[in-house]
Amino acid sequence: MRLTGAGDPPTSAAERRLALIVLVGAAVVLGVAPILVRLGEVGPAAAGFWRFVFALPLLLILTARPGGGGIGLPSKWMALAGLFFVLDLAFWHYGIVMTSVANATTLCNLTPVVVTAFAWIAWGQRPRRLFLVALALALAGAFAMAAGADGNQGTNPLLGDALSLSVALWYAGYFLAVQAARRTAGAMRVTLWATALGTPLLLATAMLLGEDLWPDGAGGWAALAGLGLMHVVGQGGVAWALGRLPAAVTAVTILIQPVVAALLGWVLFAEALTPVQALGGALVLGAVVLAQRSAQTKAGAEPVSPAPAGS
């Protein structure tokens, strides 16, 4: 069963191409996130809280506008997406502080492994051989980017890598919950409620951990506001694409994000991009191309997306 968003018509080849363009753009925007977290001048969980706070007004406007789908009420899948996203941000933001930007972003984006395994086991969606090749290539690239780091980046690289790796599980849960929520709601409503329900949880986490909640100056506030805008554009684009593309293919395409983050970390924070890391980035990009090709079917047939059990 193909999974689309509420009211979405059957996805044509042209719509899938547009969805891919939107998804790649969203991945590039999300690649800026770890840079803004570093510049936010607050604790890791607090950065996630402010990201949500600054995003909510924009999400409310986009959702309440004519044609925006309306605010409505949250579903259980939206609530679950919010919970997974809180876990995602809390663990990942600490990973960003403790290890390199490249490692934190790459390791947390091993989500395709979890998404593909779950869809295969729970929903019987056996991936194509070409997709498995793309997945292996993406994993090899991700491993090269992590293993190729110079080892002098971050406050506690080993713990930071472990925290970032655990995020792959939370991010996979978020992907699957969002795709399930998109069966009955539009992308902006799903993103709005996942954000709104997660905001108090991130605030509570930051306060329990004794983090700094307030940035020191205008630069910190600008970075946090940028996180909010990035959240709306990036996560909104991902949610929209998930209504039109298979979740597993979407998860692989998001691996563009660590490549962008690694390049920005190199330019802005002088985090050396070693030859091995550069090779890993090239492998990830190649994997994205193969994953997209695996989604194409003969004679313009519709690609199959994972669907929740029992649907």
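Residues numbered from 1 in each chain as written. Predicted model: local features only at pLDDT ≥ 70, side-chain atom pairs only at ≥ 80, totals over all residues. Heavy atoms only, no water.

Student: Looking at this structure, I do not really get the overall build of the chain. What am I missing?
Tutor: A count of helices and strands for the chain gives 13 helices and zero strands. Listing the helices and strands of the chain from first to last along the sequence gives α-α-α-α-α-α-α-α-α-α-α-α-α. Burial status across the chain gives 53% buried among its 311 residues. On the chain, roughly 12600 Å² of surface is accessible, and the fraction owed to carbon and sulfur atoms is 72%. (Helix = DSSP H or I, 4+ residues; strand = E, 2+ residues; numbered from the N terminus. Buried < 20%, exposed > 50% of the residue type's maximum accessible area, 1.4 Å probe, protein only. Areas by Shrake-Rupley, 256 points an atom, 1.4 Å probe, with all protein chains shown as cover.)

Student: How should I be thinking about the nonpolar core in this particular structure?
Tutor: Soluble globular proteins tend to pack their nonpolar side chains together in the buried interior. Counting residues in hydrophobic clusters, the biggest one holds 56 residues, and the most contacted among them are Trp 92, Tyr 174, Phe 175, Val 178, Leu 227, Val 238 and Ile 254. With nine residues, helix H8 (residues 157-181) is the single largest residue contributor to this core. (Core = buried A, V, L, I, M, F, W, Y, C linked by side-chain atoms within 4.5 Å.)

Student: Honestly, empty space enclosed by the protein in this entry has me stumped. Any pointers?
Tutor: The gaps of empty space that remain are located by a probe, the size of a water molecule, rolled over the atoms. Inspection of every chain in the model, using the stated rule, returns two cavities of 30 Å³ or more. What the largest cavity holds in volume is close to 90 Å³. Around the largest cavity sit twelve residues that line it, and Asp 88, Trp 92, Tyr 171, Gln 235 and Gln 257 are the ones nearest its centre. In terms of residue count, helix H4 (residues 76-98) provides more of the lining of the largest cavity than any other element does, four residues in total. For the lining of the largest cavity, the class distribution of residues is seven nonpolar, three polar and two charged. (1 Å grid on protein atoms, 1.4 Å probe; cavity = no way out; pocket = protein on both sides within 12 Å on 5 of 7 lines; lining within 4 Å. Points joined across faces, edges and corners; volume = space filled by probe spheres on them. Nonpolar A, V, L, I, M, F, W, Y, C, P; charged D, E, K, R; others polar.)

Student: Would you mind showing me how to read the side chain of Thr 195 here?
Tutor: The residue Thr 195 is located in helix H9 (residues 187-208) in this model. A relative accessible area of 1% means that Thr 195 is categorised as buried.

Student: Please clarify how a nonpolar patch on the surface should be interpreted in this entry.
Tutor: A surface patch of nonpolar side chains, amounting to about 310 Å² of accessible area, comprises Trp 77, Leu 80, Leu 83 and Leu 201. No other element matches H4, which puts three residues into the nonpolar patch. By the element assignment, Leu 80 lies in helix H4. Residue classification places Leu 80 among the partly exposed positions, given a relative accessible area of 30%. (Patch = residues over 30% accessible without salt bridge, like charges linked within 9 Å, V, L, I, M, F, W, Y side chains within 5 Å. Salt bridge = Lys/Arg side-chain N within 4 Å of Asp/Glu carboxyl O.)

Student: What should I look at first to understand the packing of aromatic side chains in this one?
Tutor: Aromatic ring pairs are defined here through the distance separating the ring centres and the angle between the ring planes. Counting across every chain of the model gives eleven aromatic pairs. When the ring of Trp 50 is compared with that of Phe 54, the centres are 6.0 Å apart and the planes differ by 40 degrees; the resulting orientation is tilted. With Trp 50 and Phe 54 both in helix H3 (residues 44-64), this residue pair falls four residues apart, about one helical turn. Using a relative accessible area of 10% as the deciding quantity, one classes Trp 50 as buried. Relative to Phe 175, the ring of Tyr 171 lies with its centre 5.0 Å away and its plane at 85 degrees, an arrangement referred to as edge-to-face. Taken together, the positions of Tyr 171 and Phe 175, both in helix H8 and four residues apart, correspond to about one turn of that helix. Phe 175 gets classed as buried once you look at its relative accessible area, which sits at 0%. An aromatic cluster is defined as three or more aromatic residues linked by ring pairs; in this entry it consists of Phe 49, Trp 50, Phe 54, Trp 214 and Trp 221. (Phe/Tyr/Trp six-rings, centres within 6.5 Å; stacked < 30°, edge-to-face > 60°.)

Student: How do you make sense of the environment of Met 207 when you look at a structure like this?
Tutor: Its place among the elements puts Met 207 in helix H9. Placed 161 residues apart in sequence, Met 207 and Ala 46 show a C-alpha to C-alpha distance of 8.2 Å.

Student: Would you mind going over unusual backbone geometry with me for this structure?
Tutor: The phi angle of most residues is negative, glycine excepted, and most peptide bonds adopt the trans form. Positive phi is not limited to glycine here, since Glu 41 has a value of about 60 degrees. By secondary structure assignment, the location of Glu 41 is in the loop between helix H2 (33-39) and H3.

Student: In this structure, what is going on with helix H6 (residues 111-123)? I would like to understand it.
Tutor: Taking 1.5 Å of rise per residue, 13 residues should cover 18 Å, and H6 covers 17 Å from first to last C-alpha, within 8% of that figure. Within the sequence span of H6, burial applies to Thr 111, Pro 112, Val 115, Thr 116, Ala 119 and Trp 123. Relative to the axis of H6, the buried residues are bounded by an arc of 125 degrees and lie together on one face. Gly 124 lies just past H6 and shows a positive phi near 70 degrees. (Expected span 1.5 Å × (residues − 1). Arc of directions from axis to C-beta.)

Student: What exactly am I supposed to notice about the side chain of His 93 here?
Tutor: Considering the arrangement of structural elements, one finds His 93 in helix H4. Contact partners of His 93, with chain neighbours within four places excluded, come to Val 37, Pro 44, Ala 47, Gly 48 and Arg 51. (Contact = heavy atoms within 4.5 Å.)

Student: When you look at the environment of Phe 269 in this model, what are you seeing that I'm missing?
Tutor: Note on placement: Phe 269 falls in helix H12 (residues 256-269). Residue Phe 269 is classed as partly exposed on the basis of its relative accessible area, which comes to 27%. Distance from Phe 269 to Ser 100, taken between C-alpha atoms, is 9.6 Å for residues 169 residues apart in sequence. In contact with Phe 269, other than residues within four places in its own chain, are Ile 35, Arg 38, Leu 39, Val 101 and Leu 264.

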